[in-house]
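A closer look at the structure
The primary structure of each chain is shown beneath.
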Amino acid sequence: MNNHFIKLFHLQAFKIEKTELIGEKMIIHCRLKSQRVICPSCGKWTKTVHQYLKPQRIKHMFWQGNIIELSLTKRSFFCWQCKKKGLPWLTLEQTDLIPKKARYSLVWADQVMKGLGQTTFKTQEELSKSSFSTIRKLLASRIDPYIGVWPKAGKVISLGIDLHSFSGVNMIPTVCDLTNGRLITILPDNKQNTFRTFLRNIPKKKKNLIEEVCIDMDCHYIKTIREELPNIRIVIDFFHVVQDANFRISEARTAIQKTNKIMISKRLLEKNKEHLNPNERVELNNIFKVYPELGALWKVKEKIRLIHKNPSTNLATILYGGLIKEMKESHYPSIKQWAKTLNRWQDGILAYFTYHTTNGYTEGVNTKLKTIKRLSYGFRNINNYIRKALLTFIPIGLLLYHYI
Ligand SMILES: [Zn+2]
């Protein structure tokens, strides 16, 4: 075989005896080039071939609808010295290019992995002419969601955590590296212990450099985070404080609609004050005249938004403290309750003004995950979904074997 072909087909380690073409398959009959192995008993080289084994079929590459397979004849080697001493004396030759017990080479594995990053399981099954279970196992051996994929170089200062739904029922957490804008992992469930395992698995070198975690106000991992990463700063994305405000207003609105059998526009209540036109202002004022609690809630939301626009941490702290005090004195229980929540999360919320960390990247990932779920005709198996999703976001270079 011409040298260019040997290079192109990654066959440098093999001695090729012959090739044949059967239908769409090219079969390369070969053995390993190397003439010796290291005897594991004594650690010395041995050149004595004991036996030629029955050829094994190894999937090696796929290309333009064709499969390139190796018909590999492995040899076992014999060590005289160890046989005399009664030690194990037979060694089967191995190559780094083919994982132990695998029926595929790393060239094939990398090809499948690259393909999975771009297309579906089904397409890769067809292209590589292999079964779903083979591909699933290959993927599982490369990606462990409990560890995630961490950048090889550089530090991760901020982590972002946000939940998204799988099959409409289960909420599962997405963990992102906000410093470099990368997905780290998606965990299979939202149990505390799963999250704790992940935090404990963070590579030590990376763990020591993490300074902050950005979460939502409804994040239920806060205790676990504090226990596992005691020196970390927790930042609440301010966007969620506003989102939470809109949620509270919406709840009050729903209650009013039910008791009074009327409709109040949700859009109108969620519109920012500065974007209301004169007619809308009048409309909103009329609603607030009849339902003052709704008006009081809305005013709190606008005050929160105003604090958000404030560039100075000191001023934001003062305004925020003032707002909470004012809310505590309100005669509406809904506002008193709200004040309690804002008070509890105060440190995290105010940390935003110093560090300006937002969880926007994590939310962007969650939005894209929805598209992946749709394109893949839904996933029934959560582990397949997680691994496939990680593969789509994580630079493929971090996952390949780099066999050359
Ligand atoms: Zn030996």
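Notes on the structure follow. (Residues numbered from 1 in each chain as written. Predicted model: local features only at pLDDT ≥ 70, side-chain atom pairs only at ≥ 80, totals over all residues.)

**Some details on the sheet that holds strand 6 (residues 56–63)**
We apply this condition: Two strands make a pair as long as DSSP finds a minimum of two bridges between them. Strands here are runs of E lasting at least two residues and helices are runs of H or I lasting at least four, both read from the DSSP assignment and numbered beginning at the N terminus. Helix axes use the C-alpha atoms of the stretch in contact, all axes being lines fitted to C-alpha atoms, and the angles between their N-to-C directions lie in the range 0 to 180 degrees.
Strand order across the open sheet formed by four strands is 1-2-7-6, with mixed pairing between neighbours. Since the sheet does not close on itself, it has two edges, and those belong to strand 1 (14–22) and strand 6, each with one partner. The sheet shows a mean angle of 25° between the axes of neighbouring strands, taken without regard to direction. Bridge analysis of strand 6 against strand 7 (residues 66–72) gives seven bridges, and the strand direction is antiparallel. Paired with Met61 across the bridge in strand 7 is Ile68.

**Looking at the pairing of strand 14 (residues 233–236)**
Regular strands show a simple pattern: their side chains alternate between the two faces of the sheet. We apply this condition: By convention, a crossover is right-handed whenever its connection, traced from the first strand over the helix to the second and viewed with the strands pointing away, goes clockwise.
Inspection of the sheet shows strand 13 (residues 212–215) paired to strand 14 by four bridges, in the parallel sense. Along strand 14, the bridge assignment pairs Val213 with Ile234. Taken together, strand 13, helix 8 (residues 222–228) and strand 14 form a β-α-β motif whose crossover is right-handed.

**Details of helix 15 (residues 346–355)**
For the record, the criterion: To sort residues by exposure, count the other C-beta atoms lying within 10 Å of each residue's C-beta; 20 or more gives buried, 12 or fewer gives exposed, and values between give partly exposed, all with C-beta atoms placed from the backbone. For the purpose of contact definition, each residue receives a C-beta atom placed from its backbone, and two residues are in contact when these atoms lie within 7 Å.
Every buried residue belonging to helix 15 is among Gly348, Ile349, Ala351, Tyr352 and Phe353, and all of these are buried. If you follow the buried residues of helix 15, they end up packed against strand 14, helix 9 (238–260) and helix 13 (313–328). Backbone geometry just after helix 15 places His356 at a positive phi near 50°.

**Thoughts on the environment of Val112**
Checked against the element boundaries, Val112 lands in helix 3 (residues 106–118). You can call Val112 buried: it has 23 C-beta atoms within 10 Å. For Val112 and Leu294, which are 182 residues apart along the polypeptide, the C-alpha to C-alpha distance reads 56 Å.

**Details of the sheet that holds strand 13**
Taking strand neighbours across the sheet as the criterion, the five strands line up as 12-11-10-13-14 in an open arrangement whose pairing is mixed. Since the sheet does not close on itself, it has two edges, and those belong to strand 12 (182–186) and strand 14, each with one partner. Along the sheet, successive strands turn relative to each other by an average axial angle of 30°, direction set aside. Docked against the sheet, helix 16 (residues 360–375) engages strand 10 (158–166), strand 11 (170–177) and strand 12, running at close to 25° with respect to strand 10.

**Description of the packing of helix 12 (residues 292–308) against helix 14 (residues 333–344)**
Keep this limit in mind: Any angle that falls under 35 degrees is termed roughly parallel, while one over 145 is termed roughly antiparallel, one within 65 to 115 roughly perpendicular, and all others oblique. Any residue that is not Ala, Val, Leu, Ile, Met, Phe, Trp, Tyr, Cys, Pro, Asp, Glu, Lys or Arg is counted as polar, Gly included; the first ten are nonpolar and the last four charged.
Running from amino to carboxyl end, helix 12 crosses helix 14 at an angle of 25°, the nearest separation of the two axes being 10 Å. On the basis of their axis angle, the class for helix 12 and helix 14 is roughly parallel. Of helix 14, the residues touching helix 12 (which contributes Glu293, Ala296, Leu297 and Val300) are Ser334, Ile335 and Trp338. Counted by class, the contact of helix 12 with helix 14 contains five nonpolar, one polar and one charged residues.

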